Amino acid sequence: LFVPVWFVYNSNFVLFVDKSIRAQNTGDFVKANIPGDAGIMAQPGFSVELSYLTDNRVIGLHPDPDRLATLIDFYDIEYIIFGRYYTYDAYHISKDSAEYVGGNPDKFELIGTIDEDYSEYYSEDNPARTDQVWVYKVLR
């Protein structure tokens, strides 16, 4: 008798909730273009999604570009991924490292640009609704 009343007021019961994943386009790109055993360094926030969507080892992009080379070698990182919105437009997360990666074509090669659409999560007037994500290969 109590279950129908409870369900009306608690409609997010775990067995009935749809799976909600951001960065699906980036995950699809990684699965199609990057080997599953490759290490990835991704902007903070993306590492969780990519860990869920792919079989790759994923760690966060360090904010200090002076430490990047050491961490890339230590964790055997082969790819770096970051997006426009969180890196440049809104939060400037790991911005210095992203600028270092983008500004050193002799060390990092741009292999893909992905358009993400987060309209499922944000209103139409929210600038976080879309993002452009860049994927760089570490050149050895």
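Source: prediction; values computed, not measured.

(A) Looking closely at the packing of aromatic side chains. Evaluation of the coordinates by the stated rule reveals 8 aromatic pairs. Ring geometry for Y86 versus Y91: centroids 5.5 Å apart, planes at 15 degrees, classification stacked. Between Y100 and F108, the ring centres sit 6.0 Å apart and the planes meet at 75 degrees, which makes this aromatic pair edge-to-face. Given the relative accessible area of 5%, F108 is considered buried. Aromatic rings pair up to connect F82, Y88, W134 and Y136 into one cluster.

(B) Region of the structure containing the packing of helix α2 (residues 24–33) against helix α3 (residues 46–53). Running from N to C, α2 and α3 point in directions that differ by 55 degrees, and their axes come no closer than 9 Å. Our classification of the angle between α2 and α3 gives oblique. The way α2 lies across α3 gives a crossing that is right-handed. When α2 is examined against α3, the residues Q24, T26, G27, V30 and K31 are found in contact with a partner set consisting of F46, L50 and L53. Class assignment for the residues of the contact of α2 with α3 results in 4 nonpolar, 3 polar and 1 charged.

(C) Focus on the environment of S97. Here S97 lies in helix α6 (residues 95–102). Each C-alpha atom of the pair S97 and L68 lies 7.5 Å from the other, and the pair is 29 residues apart in sequence. When sequence neighbours within four positions are dropped, the list of residues in contact with S97 reads L61, H62, P63, D64, P65 and L68.

Calculation notes
- What you see as residue numbers is a count from 1 along each chain, following the sequence as written.
- Local features are withheld for residues below a pLDDT of 70 in this predicted model, meaning they are given only at 70 or higher, and side-chain atom pairs are given and counted only at 80 or more; totals for whole chains, interfaces and linings count all residues.
- As a convention, hydrogens and water are excluded, and side-chain values are obtained from all of the structure's heavy atoms.
- Here is the rule: rings of Phe, Tyr and Trp (six-membered ring for Trp) pair when centre to centre is within 6.5 Å. Planes less than 30 degrees apart are stacked, more than 60 are edge-to-face, and the remainder are tilted.
- Remark: exposure states derive from per-residue accessible area (1.4 Å probe, protein chains only) relative to the maximum for the residue type, with buried under 20%, exposed over 50%, and partly exposed in between.
- Under this scheme, a helix contributes an axis fitted over its contacting stretch, all axes are lines through C-alpha atoms, and angles between N-to-C directions fall in the 0 to 180 degree range.
- Per the convention used, a helix needs a DSSP run of H or I reaching at least four residues, while a strand needs a run of E reaching at least two, with both numbered from the N terminus.
- An angle below 35 degrees is read as roughly parallel, one above 145 as roughly antiparallel, one from 65 to 115 as roughly perpendicular, and any other as oblique.
- Crossings are assigned a handedness: left-handed for a near helix turned anticlockwise from the far helix by less than a right angle, right-handed for a clockwise turn.
- When checking whether two residues touch, look at their non-hydrogen atoms; a contact exists if any pair is within 4.5 Å.
- Classification convention: Asp, Glu, Lys, Arg as charged; Ala, Val, Leu, Ile, Met, Phe, Trp, Tyr, Cys, Pro as nonpolar; all other residues, Gly among them, as polar.

No statement about biological role is implied by the geometric values presented.
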